[in-house]
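Spelled out, the chains give:
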Amino acid sequence: MQPSPTHRASFSIGTEAAARRVVDVLTEVFFEGDAAVAAFERPDGQWDVTLHFADAPDQALLRELVATSAGNEIAATLAFDTVEAKDWVKASLEDLVPVPAGRFVVHGSHDRDRVAPNKLKIEIEAALAFGTGHHGTTRGCLLLLDHVLKSTRPSNVLDLGTGTGVLAIAAAKALHRRVLASDIDPPSVRVAAENATLNETGQHVRVIRATGFAAPDFAKCGPFDLVLANILANPLRQLAGPMTRHLAARARVILSGLLTHQAPAVIAAYRARGLVPVKHLRIEGWSSLLLRKMD
Ligand SMILES: C[S@@+](CC[C@H](N)C(=O)[O-])C[C@H]1O[C@@H](n2cnc3c(N)ncnc32)[C@H](O)[C@@H]1O
C-alpha cells in the first residue's frame, strides 16, 4: 500500500544514471519512514525526482544527500511544498497517455478499457524502471519489432536492458514464444517480472539480473534469433562482440538508446562483426537501428 504523504520535495536532474543514484540513496535513507520516491523522465531528457513525506522532512539532510549523490547533475534546486494527501506514485502514472507503436499500444492500468481492441496491449506499471513507451527509443524499438514481425516469427528472443519489461512483453504477446529479459538494475528486474505477470506473459518471459552478457543464462538460452537492446551508445559498442557470440544464423538485432550522431560508430562496431544495418528510425533525436546478421 502506498503512503498518503502531504509534504513534497522535488528537483530535476540531468541524466538517468544520476537520477538512479539519487533515488537509490533517498530510498535507502527514507524507506523506513512514511515516504514515497518517484523518478520520471521528461520529453527533454531531464529526470524529475519527487519525494512525498507524511511528516515534514529534514530539509538540510535532504539537500546534503541529493548534492552528494548527484554531483553536479542537478538541473534545478530542491523545492519544498505541501500538497493534498493522495497516492502520488499512482497519480503520476495516471498522467501518462497510451502510446501506439505499430500493432502495439503501451498504456497504464487507468487506460486498460480505453485501448482499441485490435491492438496488442502492453500494460505498464513503470514505478522506478525505465520504459513506459513515451521515450523515442522505446517507441523506435516497438516500431522496428512490429516491422520485423511482418516478415518473420523469431523463436528465441533476448531483451537486454529490459527496464519495465515493455519490449520483452511486446515480443511475447506477439509471438507466444520464449523471451529472456535481463537488466543490470535490481528494481527493474523486479518491475519487469511483475509486468510480465500482469500482462499474462509470465510463462514466456524470464527475467534475470545481469550486466551485459555476464551470466551463464545467455549461453543456456541462446542462440537468439532476435535481440532487442535499448541501452546507450557506448555499452552497445562494447557489447557488439559478446552479443554476436550469442546470435543464431541470420539473426535480427534491434538497437536503440543512441543519439542520432552516435549511430555511425555503433553501426561500424556491429558491421565489423558481420551485421548490416537494414533500417534506421530517427525519433526525437534518438536513433533506433535494425541490423541483420548475414550468415
Ligand atoms: C533506456 S532503458 C530501456 C528500457 C526498455 N527496454 C525500453 O526500451 O523502454 C535501459 C535499461 O538498460 C539497463 N542497462 C543499462 N546498462 C546495462 C547493461 N550493461 N546490462 C544490462 N542492462 C543494462 C538499465 O538499467 C535500464 O533499465
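In this text the structure is predicted, and so the values were computed from the model without any measurement.

Novice: Teacher, can you tell me more about the pairing of strand 11 (residues 224-230) here?
Specialist: For a regular strand, side-chain orientation follows a simple rule: the groups alternate between the two sheet faces. In terms of residue burial, strand 11 counts as a mostly covered element, since 6 of its 7 residues are buried. When strand 8 (residues 157-160) meets strand 11, the two strands line up parallel, connected through 4 bridges. Considered in strand 11, the bridge of L158 is made with V227. Bridge count between strand 11 and strand 12 (residues 247-259): 6 bridges; the pairing is parallel. Paired with L226 across the strands is R252, a residue of strand 12.

Novice: How should I be thinking about the site of the ligand in this particular structure?
Specialist: Taken together, 17 residues are adjacent to the ligand, and T138, G161, D183, G212 and N230 come closest. Side-chain polar atom of T138 to an oxygen atom of the ligand: 2.6 Å apart, as the coordinates give it. Contact distances for the ligand include 2.6 Å between an oxygen atom and a side-chain N or O atom of D183. For the ligand, whose unbound accessible area comes to 600 Å², protein coverage reaches 90%. Here the shell around the ligand is built from residues that sort into 6 nonpolar, 9 polar and 2 charged.

Novice: Honestly, the nonpolar core in this entry has me stumped. Any pointers?
Specialist: One finds F104, I122, L142, L145, V205 and I254 to be the most contacted residues of the largest nonpolar core, which totals 32 residues. Every element with two or more residues in this core is listed here: strand 6 (104-107), helix 4 (136-149), helix 5 (166-175), strand 9 (179-183), helix 6 (186-198), strand 10 (205-209) and strand 11. Sort the elements by how many residues they give to this core and helix 5 lands first, with 9 residues. Other than its neighbours up to four places away in sequence, F104 contacts V99, K119, L120, I122, L142, L145, D146, L149, A170 and A174. Judged by nonpolar contacts, the second largest core, of 30 residues, contains A240, M243, A251 and L275.

Novice: Please explain the UniProt feature "binding site: S-adenosyl-L-methionine" (unreviewed entry) in the chain as it appears in this structure.
Specialist: UniProt annotation of "binding site: S-adenosyl-L-methionine" (unreviewed entry) refers to T138, G161, D183 and N230 when read in the numbering used here. Structurally, T138 is set in helix 4. On the secondary structure map, D183 appears in strand 9. When its relative accessible area of 8% is taken as the criterion, D183 is described as buried. With residues near it in sequence (within four places) discarded, D183 still touches G161, T162, G163, S188, V189, I208, R209 and A210. Here the side chain of D183 touches T162 through a polar contact of 3.2 Å, landing on its backbone nitrogen.

Novice: Please clarify how the sheet that holds strand 5 (residues 99-101) should be interpreted in this entry.
Specialist: Across a sheet, paired strands are connected by hydrogen bonds in the backbone, their directions being either parallel or antiparallel. Pairing in this open sheet of 3 strands is mixed, and the strands run 5-6-7 from one edge to the other. Pairing within the sheet leaves two strands with one partner each, and these edge strands are strand 5 and strand 7 (120-123). Within the sheet, the average angular offset between the axes of one strand and its neighbour, ignoring direction, is 20 degrees. Note that strand 5 and strand 6 share 3 bridges and pair antiparallel. Bridged to V99 within strand 6 is V106. Each of strand 6 and strand 7 touches helix 5; the most contacted strand, strand 7, lies at about 150 degrees to it.

Novice: Can you help me understand the sheet that holds strand 12 in this one?
Specialist: With respect to topology, 7 strands assemble into an open sheet ordered 10-9-8-11-12-14-13, the strand pairing being mixed. The open sheet is flanked by strand 10 and strand 13 (275-283), the only strands paired with a single partner. With strand direction ignored, the average angle separating the axes of adjacent strands in the sheet is 15 degrees. Direction of pairing for strand 13 relative to strand 14 (residues 286-293): antiparallel, over a ladder of 8 bridges. What sits directly across from R282, in strand 14, is S287. Along the sheet, helix 4 contacts strand 11, strand 12, strand 13 and strand 14; its crossing angle with strand 14, the most-contacted strand, is approximately 30 degrees.

Cut-off values and rules
Residues numbered from 1 in each chain as written. Predicted model: local features only at pLDDT ≥ 70, side-chain atom pairs only at ≥ 80, totals over all residues. Heavy atoms only, no water. Buried < 20%, exposed > 50% of the residue type's maximum accessible area, 1.4 Å probe, protein only. Helix = DSSP H or I, 4+ residues; strand = E, 2+ residues; numbered from the N terminus. Pairing = 2+ DSSP bridges. Near = heavy atom within 4 Å. Polar contact = N/O pair within 3.5 Å; in protein donor to acceptor, adjacent residues only side chain to side chain. Areas by Shrake-Rupley, 256 points an atom, 1.4 Å probe, with all protein chains shown as cover. Nonpolar A, V, L, I, M, F, W, Y, C, P; charged D, E, K, R; others polar. Core = buried A, V, L, I, M, F, W, Y, C linked by side-chain atoms within 4.5 Å. Contact = heavy atoms within 4.5 Å. UniProt positions renumbered as here; feature names shortened; annotations may be inferred. Axes fitted to C-alpha atoms, helices over the stretch in contact; angles between N-to-C directions.

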